[in-house]
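# Examination of the molecular architecture
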Amino acid sequence: MLKSQWAKCALSILAASAPTLLFALKAGPDPGYAGAPGDGHPFSCASAGCHTAFINSGGGPINSYGGSVTATFSQGSSYTPGTPITITVKVSDPVNTTYGFQMTARLESNGQAGTFKPVSGVTGVVCENEKPRSLNGSCPTAAPLEFVEHTTPATEAWTFNWIPPADASAGNIHFYLAGNAVNGNGEKDAGDHVYTTEYVLTPIGACVESTPNIAAVISAGGFGARPDFASGTWLEIYGSNFSTVAKEWAGADFNGLAAPAVLDRVRVKVNGKDAFTRYVSPGQVNVQAPDNDGTGPMTVTVTNCESVSAPKSLSQLPAAPGMLVSGQNLLAFTPNGLRPAKPGEMIVAYGIGFGNTTPAVPAGTIANVLTSLSDPLVVTIGGVQLPSASIVYAGYAPGFVGLYQFNLIVPNVPDGDQPVTMRVGTATVNQTMLLSVKR
C-alpha cells in the first residue's frame with residue numbers, strides 16, 4: 001500500500017493539481033481504500049486496475065497470502081470519551097517485507113468518528129476530498145471523513161493517536177484497516193499482497209459509585225460449578241456493583257496472544273495476582289485464574305476503577321477438573337456434530353482445571369501449540385477404561401484460553417446413555433456425566 005503503487009489505483013489522481021499529486025505520492029494511498037462500507041473499494045487496493053491479477057472481475061483476492069494487518073488499541077476494545085487512545089498498526093507477510101496501510105474510524109451511521117493524531121514524517125491524514133489534513137487540524141465540513149496512513153514505506157509497525165468523540169452517545173466506533181505488503185517492483189500486480197480487517201470499540205462504562213461486593217465465587221457453571229479451583233481455572237464471580245455495562249472481551253482487547261487483565265476498568269485479583277477478565281456486568285464477572293503454585297485458601301477481590309471489594313476466600317488445588325456438560329449429558333462432538341456417538345468413533349470434549357501441561361501454556365495466553373497433561377489421565381466410558389491409544393489427545397485446545405480438549409475413541413459399549421468418569425492424577429471430575437451411544 002505504498003503511495004508509488006497506491007496512486008495507480010485511482011485514475012482521478014492524474015487530474016489533480018501538482019501540489020496534491022506530490023503529497024499523495026508521499027503520504028500513502030488515496031482516500032477510501034481502507035475497506036469501509038460505502039467507500040466504493042471493497043477489495044481495498046486489490047481493486048480492478050490496482051494490485052490484483054483479477055482486473056476484469058472487480059479485483060481481489062485479499063487476505064489470501066498467509067499474512068495479516070492488525071491493530072492494537074491502548075484501551076483494548078473500549079474507549080473513554082475524549083481520552084486519547086494509542087493505536088499500533090502492523091502488517092506481516094511471509095514473502096514481502098515493505099509495507100503500507102490506511103485506516104479510518106466511523107460511527108454506526110458510517111460518519112466520521114473522532115480525530116486521528118498522526119506522527120509527523122511517519123504517518124499523515126488525508127481527507128475524503130483528497131486534500132491533506134494538518135497534524136492538528138480537521139477535514140472540511142463538506143468532506144469530513146479522515147484516513148490515517150503511512151507517509152513513507154516501512155518495515156516496522158506504525159504508532160499514532162486517536163481522539164474519541166467527547167460524548168459516549170456516539171456509541172460504537174468501527175475501525176476499518178487495510179495493509180499492503182509490496183514486492184517493490186513498482187508494478188500493480190498480484191505480487192503485492194493486500195490484507196484488511198476491522199475492529200469495534202465501545203464506549204467505556206462509568207465508574208460504579210458503590211464498592212463492589214462479592215457474594216460467591218465458583219468455577220465455571222457449565223463445567224461443574226466447583227467450590228474450589230486450580231491455576232488457570234475459569235471462575236464466575238457473583239455479587240453487585242461490579243460494572244455499569246455488560247461486556248465480553250474482543251480481539252482488540254488482546255495483545256498478541258495475551259488476554260486482558262482489565263475490561264471496562266474492572267480488575268480481579270486472586271491472591272494479589274491479576275486474573276484475566278473475559279466478561280463483566282453489574283452482577284457477574286468471569287475470569288481465568290492466574291498461575292499460582294500454592295494450594296489452600298486464596299483471596300479473590302474485584303476492583304471497579306479505584307474501589308476494591310472485600311476479599312472472598314476460595315480453596316486452590318493442584319487440579320480441579322470439570323467437563324463441559326448440559327445437564328448430565330457430556331457435550332461430546334462427533335465428526336457429524338452433537339449426536340449420539342458410535343463405538344470406535346472419536347469424540348471431542350472440553351474441560352477446565354486439569355492442571356499443568358507439557359509444554360506449559362501460561363494463564364492468560366491463547367494456546368498455539370499442542371500440549372499433553374503432566375499428570376496421567378484415566379477415562380472410563382460405560383465402565384470400560386480407555387487404553388492410552390484411545391486417548392488420542394489430552395491437552396490445551398489450540399486457539400483458546402484456559403480450555404482443555406480431549407479426543408477420545410468410544411469403546412465397544414451397548415447403545416444408550418453410558419456413564420463417563422475422568423480422573424487426572426488423584427483429582428476426579430465430580431460431575432455425573434453421560435454419553436449417548438447409538439450404533
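Each value, and the rule that gives it
- Residues numbered from 1 in each chain as written.
- Predicted model: local features only at pLDDT ≥ 70, side-chain atom pairs only at ≥ 80, totals over all residues.
- Heavy atoms only, no water.
- Helix = DSSP H or I, 4+ residues; strand = E, 2+ residues; numbered from the N terminus.
- Buried < 20%, exposed > 50% of the residue type's maximum accessible area, 1.4 Å probe, protein only.
- Contact = heavy atoms within 4.5 Å.
- Areas by Shrake-Rupley, 256 points an atom, 1.4 Å probe, with all protein chains shown as cover.
- Lys, Arg positive; Asp, Glu negative; His and termini not counted.
- Charge placed at Lys NZ, Arg CZ, Asp CG, Glu CD.
- Salt bridge = Lys/Arg side-chain N within 4 Å of Asp/Glu carboxyl O.
- Pairing = 2+ DSSP bridges.
- Polar contact = N/O pair within 3.5 Å; in protein donor to acceptor, adjacent residues only side chain to side chain.
- Core = buried A, V, L, I, M, F, W, Y, C linked by side-chain atoms within 4.5 Å.
- Axes fitted to C-alpha atoms, helices over the stretch in contact; angles between N-to-C directions.

A count of helical and extended segments in the protein chain gives two helices and 36 strands. Dimensions of the protein chain, computed from the C-alpha atoms along their principal axes, are close to 80 × 55 × 35 Å. A burial count over the protein chain gives 50% of its 439 residues as buried. For the protein chain, the proportion of contacts with a sequence separation of at least 24, taken over those separated by at least 6, is 66%. Surface summary for the protein chain: the accessible area is close to 18,200 Å², and the carbon and sulfur share equals 55%. Side-chain charges in the protein chain split into 22 positive and 28 negative, and the spacing between the mean points of these groups amounts to 2 Å.

Under the counting rule described, the total for this entry stands at eight salt bridges. When the shortest N-O distance is used, the salt bridge between R106 and D39 registers 2.7 Å. Of this pair, R106 sits in strand β4 (residues 98-106) while D39 sits in the loop between α2 (18-27) and β1 (68-73), and the two are 67 residues apart along the sequence. Each member of the pair, R106 as well as D39, carries the same accessibility label: buried. Note that E146 is salt-bridged to R133, the shortest N-O span being 3.1 Å. Taken together, the positions of E146 in strand β8 (residues 146-150) and R133 in strand β7 (residues 132-133) put the pair 13 residues apart, joining distant regions of the chain. Shared partners join several salt bridges into a network, and the residues in it are R267, K269 and D274.

What follows covers the pairing of strand β11 (residues 193-203). The side chains of a regular strand alternate, residue by residue, between the two faces of the sheet. One ladder, built from two bridges, connects strand β2 (residues 78-79) with β11; its direction is parallel. Counted as the bridge partner of Y79 is P203 from β11. Direction of pairing for strand β10 (residues 173-182) relative to β11: antiparallel, over a ladder of nine bridges. Paired with F175 across the two strands is Y199, which belongs to β11.

To continue, consider the side chain of N180. Along the chain, N180 falls in strand β10. Within the structure, N180 has its side chain in polar contact with the backbone nitrogen of H193 (distance 3.5 Å).

A separate point is the nonpolar core. In this structure, L235, I237, V268 and V285 are the most contacted members of the largest nonpolar core, which totals 34 residues. Of all the elements in the fold, those that place two or more residues in this core are β12 (213-219), β14 (234-240), β17 (266-270), β19 (276-280), β20 (284-288), β21 (296-304) and β27 (346-352). Apart from the residues lying within four places of it in its own chain, the contact partners of I237 are I214, A216, V217, F242, V268, G283, Q284, V285, V287, V300 and V302. V361, A367, M422 and V424 belong to the second largest nonpolar core, which has 32 residues in total.

Time to look at the sheet that holds β10. Sheet architecture is open: seven strands sit in the order β2-β11-β10-β4-β8-β6-β7, paired in mixed fashion. Looking at which strands have only one partner, the edges of the open sheet turn out to be β2 and β7. Strand direction decides the pairing type here: β4 and β8, joined by two bridges, are antiparallel. Bridge pairing in β8 links Q102 to E149.

This part is about the sheet that holds strand β9 (residues 158-163). Taken in spatial order, the four strands make up an open sheet running β1-β3-β9-β5, and their pairing is antiparallel. Strand pairing shows two members of the sheet lacking a second neighbour, β1 and β5 (115-117), which therefore form its edges. Looking at each pair of strands side by side, their axes are set apart by 30° on average, direction ignored. As paired elements, strand β3 (residues 85-92) and β9 share five bridges and run antiparallel to each other. Bridging from a neighbouring strand, I85 pairs with W162 of β9.

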